Amino acid sequence: MTRLLRYTLLLAVLTLVLIGALMFSLTWRPDARETLPVSCTGKPPTLVPGQALKVMTWNVQYLAGKRYVFWNDLAQGNDEAPTLEDMAFSLDEVTRVIRDEQPDVVLLQELDDGAKASDYQDQLKLLQERVADLYPCSASAFDWKAEFVPDAHVFGSVGRQLATLSRYRIEHAERLQLPVASANFISRQFQPKDALLATKLPLSDGGQLTVFNTHLERARQPDDTLQAQVSAVAKVLDKYESQGLPWLIGGDFNLLPLGQYRRLSAEQRMPYSADSELHLLWDKYPMIPTNNEASGIDRAQWLTHYPNDPGLNGPDRTVDYLFYSPKIKRVEAMVRQDDTLRISDHLPVIARFLLPAAP
């Protein structure tokens, strides 16, 4: 081997090592299970067995509002980032709805932190400043984070979180990694890493309620990832149920209820399977909305998603849900639609429950 060839090969190896080191320094590889910091101020109350609990879940679409068709939407628009004015409006509106409803626990998805597209805002902090009097406790977990994503539409940092706000004391929080979409090694470093945010709220009798918050993959076509993610969620919930521990889970599952697939146009069906993977959960656990509600005569009241698509003039599907242990009793539930259509591409799902009474 000639000296020139040896130097050329050495230079190529060093270049690959440097590229690999740079990629690893810019991206994020969370552990399968991570304990998270919990923020609680003052002396928040503790849950009492048998009490009522109001819960809201809402994907707030990084406060972008509804004036955009983004490049990564199913309709594949040209928009890449919302304006500061639109994000300020959406922050005001999200605050208004939360303060009006005053749920005891708020599960939020798609809050940005340090993302180029949202002007590097810490959106959870901005929201907490407006509702601190209602929610002394909170926990959050990233499900997408990188210092730089080389996609031409991003070409900068991303940072997106799940966040749980609570009127009651949170004593522990953790992040549970869910399966990620298959991709080559390099692409996998930059893609979202969906997760469960688990928050544990103590009960006055020494028990504990675990509240899960999640945002599953938004696929462009059916693949095995959502099946794997729902299976992983079911495994976690089954463990809690087998141990007699009460739990709730809410979030953006990006999956349809029974009966809605055939109501969508061929184009709108593209991300979904005819047999919804969500049956792995609804076969065992109560769901809000139920399949009868989401596909029955009053189904329009239970639509939760208004895709960013100029061909649509309102919500057309249900993808956001609350599931809960059979030990917990549903009292009432609704999707708040009338005054939320311009805030996000998702609508808030709200429910009141009765926690299990003390034995």
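The structure this text deals with has already been given above.
Report follows, based on the coordinates. (Residues numbered from 1 in each chain as written. Predicted model: local features only at pLDDT ≥ 70, side-chain atom pairs only at ≥ 80, totals over all residues. Heavy atoms only, no water.)

## Observations regarding the pairing of strand β12 (residues 320–324)
Next up, step 1: Among the five residues in β12, five count as buried, and that is most of the element.
Next up, step 2: Burial of β12 is two-sided: the residues Asp320, Leu322 and Tyr324 facing one way and the residues Tyr321 and Phe323 facing the other way are all buried.
Next up, step 3: As paired strands, strand β10 (residues 247–252) and β12 are joined by five bridges and run antiparallel to one another. Bridge pairing in β12 places Gly250 opposite Leu322.
Next up, step 4: Bridge analysis of strand β11 (residues 287–288) against β12 gives two bridges, and the strand direction is antiparallel. When the sheet's bridge partners are listed, Ile288 is paired in β12 with Leu322. (Buried < 20%, exposed > 50% of the residue type's maximum accessible area, 1.4 Å probe, protein only. Helix = DSSP H or I, 4+ residues; strand = E, 2+ residues; numbered from the N terminus. Pairing = 2+ DSSP bridges.)

## As for the sheet that holds strand β5 (residues 137–149)
Next up, step 1: Overall, mixed pairing links the seven strands, which are arranged β2-β5-β6-β4-β3-β14-β13 in an open sheet. This sheet does not close on itself; its edge strands, each paired only once, are β2 (39–40) and β13 (329–335).
Next up, step 2: With seven bridges connecting them, strand β4 (residues 105–112) and strand β6 (residues 156–166) associate as antiparallel partners. Residue Leu107 lies in a different strand from β6, and its bridge partner there is Thr164.
Next up, step 3: Across the face of the sheet, helix α2 (residues 84–101) comes into contact with β3 (52–59), β4 and β14 (349–354) while running at roughly 165° to β3. (Contact = heavy atoms within 4.5 Å. Axes fitted to C-alpha atoms, helices over the stretch in contact; angles between N-to-C directions.)

## A few points about α2
Next up, step 1: Compared with an ideal rise of 1.5 Å per residue, which puts 18 residues at 26 Å, α2 spans 26 Å between its outermost C-alpha atoms and is within 8% of the ideal.
Next up, step 2: Taken together, the buried positions of α2 are occupied by Asp86, Met87, Ser90, Leu91, Glu93, Val94, Thr95, Val97, Ile98 and Glu101. (Expected span 1.5 Å × (residues − 1).)

## Things to note about the state of the cysteines
Next up, step 1: Within the structure shown, the criterion is met by one disulfide.
Next up, step 2: Disulfide pairing places Cys40 opposite Cys137 at an S-S distance of 1.9 Å. An S-S torsion of about 120° defines the bridge between Cys40 and Cys137 as right-handed. Taken together, the positions of Cys40 in strand β2 and Cys137 in strand β5 put the pair 97 residues apart, joining distant regions of the chain.
Next up, step 3: For Cys137, a relative accessible area of 1% gives the class buried. (Disulfide = S-S within 2.5 Å.)

## Some details on the side chain of Lys193
Next up, step 1: For Lys193, the position within the fold is in the loop between α4 (185–190) and β8 (195–202).
Next up, step 2: This buried residue, Lys193, is left without a salt bridge; Asp194 holds the nearest opposite charge, at 10.0 Å.
Next up, step 3: Separated by 3.4 Å, the side chain of Lys193 and the backbone oxygen of Gln191 make a polar contact.
Next up, step 4: If sequence neighbours within four positions are ignored, Lys193 has contacts with Trp28, Pro30, Phe142, Asp143, Arg175, Gln177, Val180 and Arg188. (Lys, Arg positive; Asp, Glu negative; His and termini not counted. Salt bridge = Lys/Arg side-chain N within 4 Å of Asp/Glu carboxyl O. Polar contact = N/O pair within 3.5 Å; in protein donor to acceptor, adjacent residues only side chain to side chain.)

## Describing helix α3 (residues 123–131)
Next up, step 1: When α3 is considered as a whole, its buried residues turn out to be Gln123, Leu124, Leu127 and Val131. One face of α3 carries all of its buried residues, which in axial projection span an arc of 95°. (Arc of directions from axis to C-beta.)

## As for the packing of aromatic side chains
Next up, step 1: Here the structure, examined in full by the defined rule, presents nine aromatic pairs.
Next up, step 2: Aromatic pair Trp247 and Tyr285: ring centres 4.9 Å apart, planes at 85°, arrangement edge-to-face. A residue pair is termed long-range when its members are at least 10 positions apart, and Trp247 in strand β10 and Tyr285 in the loop between α6 (279–282) and β11 qualify at 38 residues.
Next up, step 3: Residue Trp247 is classed as buried on the basis of its relative accessible area of 0%.
Next up, step 4: Assessed through its relative accessible area of 8%, Tyr285 is described here as buried.
Next up, step 5: These aromatic residues form a ring-pair network of at least three members: Tyr62, Tyr68 and Phe70.
Next up, step 6: Lying across the ring of Tyr306, Lys66 places its NZ or CZ 3.8 Å from the centre.
Next up, step 7: Positioned over the ring face of Phe142 is Lys145, at 4.4 Å from the centre of the ring. (Phe/Tyr/Trp six-rings, centres within 6.5 Å; stacked < 30°, edge-to-face > 60°. Lys NZ or Arg CZ within 6 Å of the ring centre and 35° of its normal.)

## Notes on unusual backbone geometry
Most peptide bonds are trans, and most residues other than glycine sit at a negative phi.
Next up, step 1: For the peptide bond that leads from Ile288 to Pro289, omega is -5°, which places it in the cis range.
Next up, step 2: Residue position: Pro289 is located in the loop between β11 and α7 (291–295).
Next up, step 3: If you check the backbone angles, Gln76 has positive phi at about 55° while not being a glycine.
Next up, step 4: Examined against the element boundaries, Gln76 turns out to sit in the loop between β3 and α2.

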